[in-house]
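These are the residues of each chain, in order.
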Amino acid sequence: MSVLLLAFIIVLINSLITLIGTDTIASYAWSAYSRCIPGSHSGKVAQFKKLQIQALKTKTEMQGTSSQDEFAKWAKLRRRFDREVAEMEKITQDLSVFKAGFQAKFKTGIWAGTKGVRYFSSWWYGKQAVFYLPKGWFPYWVEYVLSFPKAPMGAVSSTIWFMAAERAIGEVLEVIAGQVKQYSAPKVTKDNVEEIPVSAGREL
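Computed from a predicted structure; not experimentally measured. (Residues numbered from 1 in each chain as written. Predicted model: local features only at pLDDT ≥ 70, side-chain atom pairs only at ≥ 80, totals over all residues. Heavy atoms only, no water.)

(A) Layout of the confidence of the model for the chain. A residue-level look at the chain finds 88% of positions with pLDDT of 70 or above and a mean pLDDT of 82. In this model, residues 198–204 is a region of pLDDT below 50 whose contacts with residues beyond four sequence positions or in other chains number 0 contacts. (pLDDT = per-residue confidence, 0-100. Contact = heavy atoms within 4.5 Å.)

(B) The arrangement of a nonpolar patch on the surface in detail. A cluster of nonpolar side chains, contributed by Tyr140, Trp141, Tyr144, Val145, Phe148 and Met153, occupies part of the molecular surface with about 710 Å² of accessible area. Structurally, the position occupied by tyrosine 144 is in helix α5 (residues 140–146). Judged by its relative accessible area of 47%, tyrosine 144 is partly exposed. (Patch = residues over 30% accessible without salt bridge, like charges linked within 9 Å, V, L, I, M, F, W, Y side chains within 5 Å. Areas by Shrake-Rupley, 256 points an atom, 1.4 Å probe, with all protein chains shown as cover. Salt bridge = Lys/Arg side-chain N within 4 Å of Asp/Glu carboxyl O. Helix = DSSP H or I, 4+ residues; strand = E, 2+ residues; numbered from the N terminus. Buried < 20%, exposed > 50% of the residue type's maximum accessible area, 1.4 Å probe, protein only.)

(C) Highlighting the environment of glutamine 52. Within the element layout of this structure, glutamine 52 appears in helix α3 (residues 40–63). When the C-alpha atoms of glutamine 52 and glutamate 84 are compared, they prove to be 7.9 Å apart, with 32 residues separating the residues in sequence.

(D) Structural detail: the nonpolar core. Counting 8 residues, the largest nonpolar core is built from Leu51, Ala55, Met62, Leu77, Phe81, Met88, Ile91 and Leu95. Those elements that provide at least two residues to this core are α3 and α4 (71–124). Of the residues forming this core, the biggest block, 5 residues, is contributed by α4. Ignoring sequence-local partners within four residues, the contact set of methionine 88 consists of Phe48, Leu51, Gln52 and Ala55. Ranked by size, the runner-up nonpolar core spans 7 residues in total, among them Ile10, Val11, Phe162 and Leu173. (Core = buried A, V, L, I, M, F, W, Y, C linked by side-chain atoms within 4.5 Å.)

(E) Molecular detail of the environment of lysine 59. Examined against the element boundaries, lysine 59 turns out to sit in helix α3. Of the residues examined, lysine 59 reaches a relative accessible area of 37% and is grouped as partly exposed. As for lysine 59 and arginine 80, which are separated by 21 residues in sequence, their C-alpha atoms are 9.3 Å apart.

(F) Molecular detail of the side chain of serine 121. Residue placement: serine 121 occurs in helix α4. Residue serine 121 is classed as buried on the basis of its relative accessible area, which comes to 7%. Once residues lying within four places of it in the same chain are set aside, the contact partners of serine 121 are Leu6, Ile10, Ser158 and Phe162.

Structure below.
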């Protein structure tokens, strides 16, 4: 695969991930992982659901018991309910720690597979010409800048090509995102104009 095409693909993937957001991608990845791949967290999720059902049942029974006429029974139910809630909070805390660790590792993998690959490719192909400029079309200093840092004089280096691709693809994605946002915004019609709050008009 040519450096020109490789750089374009790497930059496109990087730009799309930046546009979507690594936090959003990591959140979806966690949802898919927790549902599809069994692990230590699966048992805790099942235990949490079981405790949740038990706690709801205990609460319903406790609400149907008079704290004055049947105090002993009510107090027993209260202690059981508090214990179940405490166990649920402990499981929630453990799952939160597990989720945070998973997302941190996942985002590190994203960085290594995108930004890391981009920097490595730029270094690896640093001395290789992406393509050559027409001879005599540009002054010496332009050819020097475009060949920075190690490409042959008169050629465009991988570093410069990566930068140019990032700028071009970033601009295109920004325009597309703006168009999508514009078309997804609610349109003002005669039917819904009365539903728009007065404050919205003031902000405009």
